[in-house]
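# Working through the structure, step by step
Residue-level listing of the chains:
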Amino acid sequence: MKQKMRNFWKAVMFELKENRSTFLVYTGLRFLVLCVLIMQIFNQNYQNVFLCLLTLGLMIVPSIIQAAFKVEFPSPLEIVILVFIFAAEILGEISAFYIKFPYWDTVLHTLNGFLCAALGVSLVEILNKDKRILILSLHHLL
């Protein structure tokens, strides 16, 4: 069991380092979240400390999904997901962008809709690469 978990986490770390651009964005955003986390600890704002820890956990979820299901998300999609998590949790909640910028919430909800659409299209492409599964897309119908 321990060996299986070790192999799983090695696969997760491999997924993080495989694509250089994704890794750089992930590392940069994680560094910023850790800086905010330290500031919130000094300010004794423990609710925001929890939000920072949640953000760090959410940022690793795409890599966990890729390692667990042996799929590959496109790098731009993964980067947009990471930036969305950062924008919603750190900028929106902790830095109060929801109050400072009147349309912040609208922009994030719009971006979330595009993310869902891109994830759906990517999922069809990923599943079509597997020989055991065939999902007809518009491209196959034409």
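All residue numbers refer to positions counted from 1 along the written sequence of the respective chain. Whole-chain, interface and lining totals are the exception, using all residues; otherwise, since this is a predicted model, local features are given only for residues with pLDDT of at least 70 and side-chain atom pairs are given and counted only at 80 or more. By convention in this description, side-chain values take in all heavy atoms of the structure and omit both hydrogens and water.

### Thoughts on the packing of aromatic side chains
- Ring pairs are drawn from Phe, Tyr and Trp, using the six-membered ring of Trp, whenever the two centres fall within 6.5 Å, and their geometry is named by plane angle: stacked under 30 degrees, edge-to-face over 60, tilted for the rest. Going through the model one piece at a time under the given rule, you end up with three aromatic pairs.
- Plain terms: the ring middles of F97 and W104 are 5.0 Å apart, the flat faces sit at 75 degrees to each other, and that makes the pair edge-to-face. The burial state of F97 is the same as that of W104; both residues are buried.
- Relative to W104, the ring of F101 lies with its centre 6.4 Å away and its plane at 40 degrees, an arrangement referred to as tilted.
- Each residue in the set F97, F101 and W104 is aromatic and connected to the rest through ring pairs, giving one cluster. Any residue under 20% of the maximum accessible area for its type is buried, any over 50% is exposed, and the rest in between are partly exposed; the area is computed with a 1.4 Å probe on protein chains only.

### Some points on unusual backbone geometry
- We note that Q44 has phi near 55 degrees; this positive angle belongs to a residue other than glycine.
- The topology assignment puts Q44 in the loop between α2 (20-42) and α3 (46-69).
- Classification of Q44 as exposed rests on a relative accessible area of 57%.
- For A96, which is not a glycine, the phi torsion comes out positive at approximately 60 degrees. Note on conventions: DSSP H or I runs of at least 4 residues are helices, E runs of at least 2 residues are strands, and numbering of each starts at the N terminus.

### Considering the nonpolar core
- With 27 residues, the main nonpolar core has V33, C52, M59, F86, I90, I94 and L108 as its most contacted residues.
- Listed by contribution, the elements that provide at least two residues to this core are α2, α3, α4 (75-94) and α6 (104-129).
- For this core, the element with the most residues is α4, which contributes 10 residues.
- Here a residue-residue contact requires only that any non-hydrogen atoms of the pair lie within 4.5 Å. Once residues lying within four places of it in the same chain are set aside, the contact partners of V33 are C52, T55, L56, M59, F86 and I90. Among buried residues, the Ala, Val, Leu, Ile, Met, Phe, Trp, Tyr and Cys ones that are joined through side-chain atoms within 4.5 Å form a nonpolar core.

### Re the packing of α2 against α3
- Here the axes come from fitting lines to C-alpha atoms, over the contacting stretch only for helices, and the angles between their N-to-C directions go from 0 to 180 degrees. Where α2 contacts α3, the two axes come as close as 8 Å, and the packing angle between them is 165 degrees. The angle between α2 and α3 places the two elements in the roughly antiparallel class. For the crossing formed where α2 meets α3, the hand is left-handed. Along its contact with α2, which presents Y26, L29, R30, V33, L34, V36, L37, Q40 and I41, the element α3 presents N48, V49, C52, L53, T55, L56, M59 and I60.
- Gly is put with the polar residues, along with every residue not named as nonpolar or charged; the nonpolar set is Ala, Val, Leu, Ile, Met, Phe, Trp, Tyr, Cys and Pro, and the charged set is Asp, Glu, Lys and Arg. Considering only residue class, the contact of α2 with α3 consists of 13 nonpolar, three polar and one charged. Note on terminology: angles under 35 degrees are roughly parallel, angles over 145 are roughly antiparallel, angles of 65 to 115 are roughly perpendicular, and the others are oblique. It is the rotation of the near helix from the far one that decides the hand of a crossing: anticlockwise by less than a right angle makes it left-handed, clockwise makes it right-handed.

### Structural notes on the side chain of S75
- Positionally, S75 belongs in helix α4.
- Excluding its chain neighbours within four sequence positions, the residues that come into contact with S75 are N19, S21 and T22.

### Considerations on the environment of L56
- Within the element layout of this structure, L56 appears in helix α3.
- Along the sequence, L56 and Y26 sit 30 residues apart, while their C-alpha atoms lie 9.9 Å from each other.
- Setting aside its immediate chain neighbours within four residues, L56 contacts R30, V33 and L34.

### Some points on α3
- The first and last C-alpha atoms of α3 sit 34 Å apart over 24 residues, in line with the 34 Å expected at 1.5 Å per residue.
- To get the bend at a given residue, fit one axis to the seven residues ending there, fit another to the seven starting there, and take the angle between those axes. In the structure, α3 departs most strongly from a straight axis at V61, where the bend amounts to approximately 35 degrees and where the proline P62 lies between one and four residues downstream.
- Residues of α3 that are buried include every one of N48, V49, L51, C52, T55, L56, M59, I60, P62, S63, Q66 and A67, and no others.
- After α3 finishes, the residue K70 shows a positive phi value of roughly 55 degrees. One fewer than the residue count of a helix, multiplied by 1.5 Å, yields its expected span.

### Brief notes about α4
- Taking 1.5 Å of rise per residue, the 20 residues of α4 would be expected to cover 28 Å, and the 27 Å separating its terminal C-alpha atoms lies within 8% of that figure.
- Counted residue by residue, α4 has 14 buried out of 20 residues, so it is predominantly covered.

These results come straight from atomic positions and should not be treated as a statement about function.
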